[in-house]
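Chain by chain, the residues:
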Amino acid sequence: MCVESEINRNTEKLLLDTVNLGRLSHAVLLESSGAEERYALAKRLAAALVCGGDKRPCGVCPHCVKSDAESHPDILVFSGGETARSFSVDLVREIRTKAFVMPNEAERKVFILRNAGSMSAQAQNALLKILEEPPGFVTFILECASKSMMLGTVLSRAAVYTLGGEKNSSVSAEKLLTAREAAAAMCAALAKNDAVSLLKSTAVFEKDKELFRLSLPELVPLLRSALTFKYGVAASDTPGEVKALGERVPASRLLSMIDTVNGCAESVKRNANLNLMIAKLCADLI
């Protein structure tokens, strides 16, 4: 069995498990050298997101049938060419406009952006605006040959999965769920605007730097959801802690929190001291 194929299956399983747990990020980036494998996974992930069955994608519901036929009205595919800057800013502006239109049939609307690496810097900056404050019913699936083709600001707002890489296959769905539960606890503490509650919510990270690393990218979408809730464009199933945060914290402060968490995530990559990072994060967030 090809090791790379096995890793890709593990990555697909992780993504689908995450969908079924209701924990997938609002933006996902798939990177690999194989365009067809990226697109195949993007289509399967999109099918799972619009599926009406219990185990998604079920393969038999009307949504899955239309997804397989590539005719589902709530799965929209946009593509750039192979050359640089062929994914134009005008196309991104069209995507932004369509993103605020409610789904036709499913509960979610999915945008697959093929060859996203062919976006110009101007196009990526235009996309950044919708990634920062997306409607709660929208998921973006970007795919490109390498994440190095994307701006750091875009990457910080998406969950990156490398097909053929070992990093994602080593993270279980259970570990990811624990990270998302930890992020939700932090969000609830932030809604209380209480330093003691926030410190208590970070106790789970003691001696578990990997959990801390995984939880930070999960906290960012919750903060963004609080921001979209404040503007009245969040999904009906928005968690209570996110609603509370959106109601009680000004938009400017939420944006500052997002930058703080992203900055902390960069510190984790540099292998900074865990206790110092947690203490600074709490101090900067409250």
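Parameters at a glance
Residues numbered from 1 in each chain as written. Predicted model: local features only at pLDDT ≥ 70, side-chain atom pairs only at ≥ 80, totals over all residues. Heavy atoms only, no water. Buried < 20%, exposed > 50% of the residue type's maximum accessible area, 1.4 Å probe, protein only. Helix = DSSP H or I, 4+ residues; strand = E, 2+ residues; numbered from the N terminus. Pairing = 2+ DSSP bridges. Right-handed = clockwise from strand over helix to strand, strands pointing away. Core = buried A, V, L, I, M, F, W, Y, C linked by side-chain atoms within 4.5 Å. Contact = heavy atoms within 4.5 Å.

(A) Quick look at the pairing of strand β3 (residues 109-114). In terms of burial, β3 is largely enclosed, as six of its six residues are buried. Of the two faces of β3, both are covered, the one formed by K109, F111 and L113 as well as the one formed by V110, I112 and R114. As paired elements, strand β2 (residues 75-79) and β3 share five bridges and run parallel to each other. Pairing of V77 across the sheet is with I112, part of β3. Handedness of the crossover joining β2 and β3 through helix α4 (residues 89-99): right-handed. Relative to strand β4 (residues 138-144), β3 runs parallel, the two sharing five bridges. When the bridges of β4 are listed, F111 appears paired with F140.

(B) Highlighting the nonpolar core. With 39 residues, the main nonpolar core has F212, L216, L223, L245, V261, L281 and L285 as its most contacted residues. For this core, the secondary-structure elements that each account for two or more residues are α7 (173-192), α9 (209-230), α10 (240-248), α11 (251-269) and α12 (274-285). If we skip the residues at most four places from it in the chain, F212 touches F205, C264, V268, L274, M277, I278 and L281. In terms of nonpolar packing, the next biggest core, distinct from the first, is built from 27 residues, L91, V92, A116 and V138 among them.

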